[in-house]
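Descriptive structure summary
As a plain string of letters, each chain reads:
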Amino acid sequence: MSSIDIAIVVKARADLAERLGVSENEIAEGHIDQTDFPDASLGAPVADEMSAQMITPGWRIRLRAGDNTYEYRATARQLRLVNFKGRNYRI
Amino acid sequence: MSRNLWLNLSIALVLILIAAFAGRLHKWNWHRAAQQTSHTSRSNEATATDPGSEESDSSKTEILVRFRAGVSAQAIENITSRFNDEVEDHIEAVDGLDVIEDEDNRSADEVAAQYRALAEVEYAETNSEIKLDHEGAGKHLHANDELFFKQWGLFNHGQDGGKSGADISAMQAWAVTKGSDQVVVAVLDSGVDYTHPDLAGNIWTRPEIIKQYEDSDLTSEGPIDDMHGFNVVEDNGDPMDDNGHGTHCAGIIGAEGGNEVGIAGVNWTVKIMPLKFMDSDGAGTTKDAIEAINYVINRKRAGVNVRVISASWGSTTKSRALEDVIRKAGDEGILIVAAAGNDHSDNDAKPHYPASYDLNNVISVAAVNRNDELTTFSNFGATSVDVAAPGEQIISTWLQHGFEEKQGTSMATPFVAGVAALVLSTNPGISIDELRLRLLNSVDAVPSLNGKVATGGRINAAKAVAGG
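The notes below deal with the structure included here.

**Points about the packing of helix α7 (residues 286–302) of chain B against helix α8 (residues 320–331) of chain B**
For any two helices packed against each other, one specifies the inter-axial angle together with the distance between the axes. Residues and elements named next belong to chain B. Between α7 and α8, the shortest axis-to-axis distance is 10 Å and the interhelical angle comes to 15°. As the angle between them shows, α7 and α8 are arranged roughly parallel. You can see that α7 and α8 cross each other, and the crossing is left-handed. Of the residues in α8, those touching α7 at Thr 286, Ala 289, Ile 290, Ile 293, Asn 294, Val 296 and Ile 297 are Ala 321, Leu 322, Val 325, Ile 326, Lys 328 and Ala 329. Tallied by class, the residues present in the contact of α7 with α8 amount to 10 nonpolar, 2 polar and 1 charged.

**Remarks on the interface of chain A and chain B**
The accessible area lost on association of the parts is a frequent measure of interface size. Across the contact, 15 residues belong to chain A and 26 residues belong to chain B. Where strand β2 (residues 49–52) of chain A meets strand β12 (residues 313–314) of chain B, 2 bridges bridge the pair, whose relative direction is antiparallel. Looking across to β12 of chain B, one finds that Ser 51 of chain A is bridged to Gly 314 of chain B.

**Side note on the environment of Lys 211 of chain B**
All names here are of chain B. Within the secondary structure, Lys 211 is located in the loop between β7 (179–189) and β8 (230–231). Assessed through the 11 C-beta atoms surrounding it within 10 Å, Lys 211 is described here as exposed. Considered as a pair, Lys 211 and Val 183 are 28 residues apart in the sequence and their alpha carbons are 19 Å apart.

**Points about the sheet that holds β2 of chain A**
Across the sheet, 3 strands lie side by side as β10(B)-β2(A)-β12(B); this open sheet has antiparallel pairing. Both outer strands of the open sheet, β10 (283–285) and β12 of chain B, are each paired with one neighbouring strand and no more. Pairing between β2 of chain A and β10 of chain B: 3 bridges, direction antiparallel. In the sheet register, Ser 51 of chain A faces β10 of chain B, and the bridge partner there is Ala 283 of chain B. Running at roughly 80° to β10 of chain B, α7 of chain B makes contact with β2 of chain A together with β10 of chain B of the sheet.

**Observations regarding the pairing of strand β9 (residues 269–276) of chain B**
All names here are of chain B. In terms of residue burial, β9 counts as a mostly covered element, since 8 of its 8 residues are buried. Here β9 shows no split at all, with Thr 269, Lys 271, Met 273 and Leu 275 on one side and Val 270, Ile 272, Pro 274 and Lys 276 on the other all buried. Here 7 bridges tie β7 to β9, and the two strands are oriented parallel to one another. Each residue of the ladder has a partner; that of Val 184, found in β9, is Lys 271. Pairing of β8 with β9 involves 2 bridges; the strand directions are parallel. When the bridges of β9 are listed, Phe 230 appears paired with Leu 275.

About the thresholds
Residues numbered from 1 in each chain as written. Chains lettered and ligands numbered in written order. Predicted model: local features only at pLDDT ≥ 70, side-chain atom pairs only at ≥ 80, totals over all residues. Axes fitted to C-alpha atoms, helices over the stretch in contact; angles between N-to-C directions. Helix = DSSP H or I, 4+ residues; strand = E, 2+ residues; numbered from the N terminus. Parallel < 35°, antiparallel > 145°, perpendicular 65-115°, else oblique. Left-handed = near helix turned anticlockwise from the far one by under 90°. Contact = placed C-beta atoms within 7 Å. Nonpolar A, V, L, I, M, F, W, Y, C, P; charged D, E, K, R; others polar. Pairing = 2+ DSSP bridges. Buried ≥ 20, exposed ≤ 12 C-beta atoms within 10 Å, placed from the backbone.

Right under this line is the structure:
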């Protein structure tokens, strides 16, 4: 699997900043790990979503804002926010 | 007088010995011939590893003929004698199924056609596609498709560190049936690349006598030209895959066999009905899944012989509407084969739908690897997961007319759906209850699955087509 496209991380930071209502400068990058997710929803299905049950390689992106850590999951084709205030989101 | 008596006795003794030896020789030759028709049994280890062992007489034409119930052995003998053929082997597992050898150098197609024309014959098919390979790892009975030996789920002879025999016994099943273009399997997924060279010949096309699909609630533009299936994402008749997942599953069920291209599916011949309800990310909604199943039911009622839906998707969210439409599909004689999920969790405690619906037309499928072990990712369930199938390092058709290796219970599911289609090819009238029972009774018991799936085993196509 190729390395992560920086544009995906940029997109995740912008998304989180918007959700939190803060500047992107206040979002810090944490670890980015390559991993296999259990399905096409990257193990983070949104409400009422069915997903292909195929192991899907991708990246786990951790971002920090203040004292909190947020997890995004990505492939080259999609980006998801995991368990943000109890819900998953397709970005 | 006495001298003549001794002379006569001596001559008689010599004749008896000659006759006895000839008899033994004939019997030995018969056994040898029977061994050479080992399309009915796995290529044995000696054959696989010993390039110097005996070879089949490939110059003789063999066909598989199933005579109708009630046709006597004498009647079969009379028929074959009339055609100057010989019954080379009886396939004991299937009543009336014989291997017939032609003795006068006619083509397999010609011989098969001659038998098909008889009222006593249920079917006759050529055996030419299964042949011996003298290259590579040795000799095996197999399809001639380029990547056949990569597909360990069909034939595992220990390649790439696998366990010999940890497969679905496809080649033994193919001695009975390689599928039928009268059986339609709906691949409810991200669509299917119906132009893929290893799939195109096995893609369902709506017969002209069946009207285009109409659902005024979905589109106000009149009937949908569902030439090859249905796209619920865009509400049109083009189920082209833009993810790859559906194309992969379709190949496992029914990539064309014996065409020297790519892989062989569990069915060499079948009709795949592509349905697209998941988008390019491999995700879809419950509602669209329901719409797609509704379409399948509609087509079944319109006369399409669609008996199986392969569902390599799911969620932990239970939907009663989805359950209802699946139950309705069962009422229409349609089996749903569904993926157990990939969280390595216990579905008895945390169900995964649609696999976990407790319906008599649903089969839930876990995944095993090439060593007959439950994969590290597969869900399980001693009561809620029915059976396992190959689901790791599975090569199949992909986008851009390619082939890729993937893993998941997504891949295990179409193996079982494919075996269901094989059974239907020789038992078109079988009920869903009978079909489900036959599949679940047709497993190889696997220690690693004991207490993990209800049957404790991995699907076996040969047992399934033989009657469980």
